[in-house]
Amino acid sequence: MGHDEAIIFEKTYGVLTPDLRRMCADMLECGVTEAAMESTAVYWIPVWNELCESMELKLVNPYFIKQLPGRKSDVKDAQWIAECLLKNLIKGSFVPEPVVQEMRKLNRRIMDLNEDMTYNTNKLDAALQRCGFRLSNYVSQIQSKSYQSVLKSIINGIRDPEELVKLVHGRTVNKHGRDTIKAAVTGLFSDTDLIIFRQTKEVIDMIERQIKECQNELTALCERHFPEQYRRLKTIPGVKERAATAIIAETGVDMKMFATAACLVGWCGLRPRNDVSNGRYKNRKVTHGNRYLRQILIEIAWSASRTRNCFFSNFSYIQTTVKKKSKMKIQVAIARKILVAVWHMLTKEEDFIDIYLKRLEKEREMDEKLKNLIQKRLSEPPDIPSAVM
């Protein structure tokens, strides 16, 4: 639609691909060069894919283009969106380039598989608990080597506690006592239970294989299209292969859509609310945003807070131990700081600089200079004044 004159063209189209292609052809025939649409679940994606190569598109949050109550219909909505676009009142949402969109699919598939993994792992442990098997009470996690070895033996038909306790790590046996661990692996397993154990274990193995396959493809895409940014993100404490690929998949590497680091933080949903009334803060919860990116950043924050000799671990220690603040809130703060660092690194094309290590290095240099100065003074002969005759 041109800015000099507005032509109203109304027609209803279906949602099938041939209908969308017919709509695109009609829009081009009418001279449409710009289009805007609401971001309704996933239903906007096929429309976007059909139109993106033919015209300039804007994806808009419905919250920002609501009409007055009582004027709601599909035709009036379309007219209102077109009018807002014509008057340049619409700011488009962030839609990444096609390669990043493919990476997003893989990243979110991995997160869905991780949820399935947690669900099936808990179901398997619950099935074992029903049989009197209590080893999960004494090991660090269900995915531990001891737990998996005992489970595999049970599925293969070995039910003797004396044989099963041999498969448990010696450190666990020494910590809780042999009799306790032997009692924990003793259970009453029927043939039906073994079938359930085997089938659930097969599902878990299949999920693990699919996670590995998706992650390998995601890493390959990062190394092929964004090798320097991928390497650069891994210099952040707590960020490894999985985290670096997830960040690139959700944000891309072009930060032009985010004018400042604060814009990226708000888009992710890590910015605290500003709910103030009469000078009192009623709510400081984080806002809504990209939950996939927020989840991976919180995981990075936990890992970074446990990394020795880095800014984030030092910050976590001071805030939680010295100032006695909530540990969960501090992890959100660390996640926000990491995202700000990501914006600066991708915008300025720089590696991560740990100011805590730089400060330690300066203090070490000062101590070394002071030590050398003291040794130099001690090595010089004492300056004794001559006696006056």
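### Considerations on the overall build of the protein chain
Link 1 in the chain: Counting secondary structure elements, the protein chain contains 16 helices and four strands.
Link 2 in the chain: Against the compact-globule benchmark of 21 Å for 389 residues, the protein chain has a radius of gyration of 30 Å, which places it well outside the compact range.
Link 3 in the chain: Seen through its principal axes, the protein chain has C-alpha atoms that stretch 105 × 100 × 50 Å.
Link 4 in the chain: In the protein chain, which comprises 389 residues, the proportion classed as buried is 36%.

### Focus: unusual backbone geometry
Link 1 in the chain: Its identity is not glycine, yet N309 carries a phi of approximately 55°, on the positive side.
Link 2 in the chain: Along the polypeptide, N309 turns up in the loop between α13 (291–305) and α14 (311–322).

### As for the pairing of strand β1 (residues 34–38)
Link 1 in the chain: The pairing of β1 with strand β2 (residues 56–60) spans five bridges and is parallel. Each bridged residue has a counterpart across the sheet, and for A36 the counterpart in β2 is K58.

### Points about the state of the cysteines
Link 1 in the chain: The final tally for this structure, using the stated rule, is zero disulfides.
Link 2 in the chain: Cysteine C222 remains unbridged, with the sulfur of C214 as its closest cysteine sulfur at 14 Å.

### A look at the nonpolar core
Link 1 in the chain: Ranked by internal contacts, the top residues of the largest apolar core, which has 77 residues, are F133, L135, F197, I236, L297 and I338.
Link 2 in the chain: A per-element tally of this core places helix α15 (residues 327–348) first, with eleven residues.
Link 3 in the chain: With sequence-adjacent residues up to four places away left out, I338 is seen in contact with I236, L297, I300, A301, A304 and F312.
Link 4 in the chain: Core analysis: the second largest hydrophobic core is formed by 14 residues, L20, C24, V32 and L51 among them.

### Section: the packing of aromatic side chains
Link 1 in the chain: Evaluation of the coordinates by the stated rule reveals ten aromatic pairs.
Link 2 in the chain: With 6.1 Å between their ring centres and 75° between their planes, F189 and F197 make a pair best called edge-to-face.
Link 3 in the chain: Given a relative accessible area of 4%, F189 falls into the buried group.
Link 4 in the chain: Here the aromatic cluster, defined as three or more aromatic residues joined through ring pairs, consists of F133, Y147, F189 and F197.
Link 5 in the chain: Here the guanidinium or amino end of R291 rests over the ring plane of Y292, the centre of that ring lying 4.3 Å away.

### Observations regarding the packing of helix α4 (residues 98–130) against helix α9 (residues 191–225)
Helix packing for two helices is described by the angle between their axes and how far apart those axes are.
Link 1 in the chain: Close contact between α4 and α9 brings their axes to 9 Å; oriented N to C, the two are set at 160°. With respect to α9, the axis of α4 lies roughly antiparallel. With respect to the hand of their crossing, α4 and α9 are arranged in left-handed fashion.
Link 2 in the chain: Each residue belonging to the contact of α4 with α9 can be placed in one class, and the counts come to 19 nonpolar, eight polar and four charged.

### Regarding helix α12 (residues 261–268)
Link 1 in the chain: The complete set of buried residues in α12 reads A261, L264, V265 and C268. With its buried residues spanning 100° around the axis, α12 presents them on a single face.

### As for the environment of T121
Link 1 in the chain: Tracing the sequence through the fold places T121 in helix α4.
Link 2 in the chain: Linking T121 and I142, residues 21 residues apart in sequence, is a C-alpha distance of 7.5 Å.
Link 3 in the chain: If we skip the residues at most four places from it in the chain, T121 touches I142, Q143 and I204.
Link 4 in the chain: A polar side-chain atom of T121 sits 2.7 Å from the main-chain carbonyl oxygen of M117.

### What about a nonpolar patch on the surface?
Link 1 in the chain: Judged by side-chain polarity, L370, L373, I374 and L378 come together as a nonpolar surface patch covering roughly 410 Å² of accessible area.
Link 2 in the chain: Residue placement: I374 occurs in helix α16 (residues 355–379).

### Some words on the side chain of E250
Link 1 in the chain: Relative to the helices and strands, E250 is located in helix α11 (residues 241–251).
Link 2 in the chain: A residue is classified by how much of its surface remains accessible, and E250, at 0% relative accessible area, is buried.
Link 3 in the chain: A polar side-chain atom of E250 sits 2.9 Å from a polar atom in the side chain of N107.
Link 4 in the chain: Excluding residues within four positions of it along the chain, E250 makes contact with F94, R104, N107, R108, W267, N290, Y292 and L293.

### Side note on the pairing of β2
Along any regular strand the residues' side chains alternate between the sheet's two faces.
Link 1 in the chain: Of all five residues that make up β2, four are buried, and the element is covered over most of its length.
Link 2 in the chain: Taken together, β1, helix α2 (residues 44–51) and β2 constitute a β-α-β crossover, and its handedness is right-handed.

So, how was this worked out
- Residues numbered from 1 in each chain as written.
- Predicted model: local features only at pLDDT ≥ 70, side-chain atom pairs only at ≥ 80, totals over all residues.
- Heavy atoms only, no water.
- Helix = DSSP H or I, 4+ residues; strand = E, 2+ residues; numbered from the N terminus.
- Rg over C-alpha atoms; globule rule 2.2 N^0.38 Å.
- Buried < 20%, exposed > 50% of the residue type's maximum accessible area, 1.4 Å probe, protein only.
- Pairing = 2+ DSSP bridges.
- Disulfide = S-S within 2.5 Å.
- Core = buried A, V, L, I, M, F, W, Y, C linked by side-chain atoms within 4.5 Å.
- Contact = heavy atoms within 4.5 Å.
- Phe/Tyr/Trp six-rings, centres within 6.5 Å; stacked < 30°, edge-to-face > 60°.
- Lys NZ or Arg CZ within 6 Å of the ring centre and 35° of its normal.
- Axes fitted to C-alpha atoms, helices over the stretch in contact; angles between N-to-C directions.
- Parallel < 35°, antiparallel > 145°, perpendicular 65-115°, else oblique.
- Left-handed = near helix turned anticlockwise from the far one by under 90°.
- Nonpolar A, V, L, I, M, F, W, Y, C, P; charged D, E, K, R; others polar.
- Arc of directions from axis to C-beta.
- Polar contact = N/O pair within 3.5 Å; in protein donor to acceptor, adjacent residues only side chain to side chain.
- Patch = residues over 30% accessible without salt bridge, like charges linked within 9 Å, V, L, I, M, F, W, Y side chains within 5 Å.
- Areas by Shrake-Rupley, 256 points an atom, 1.4 Å probe, with all protein chains shown as cover.
- Salt bridge = Lys/Arg side-chain N within 4 Å of Asp/Glu carboxyl O.
- Right-handed = clockwise from strand over helix to strand, strands pointing away.

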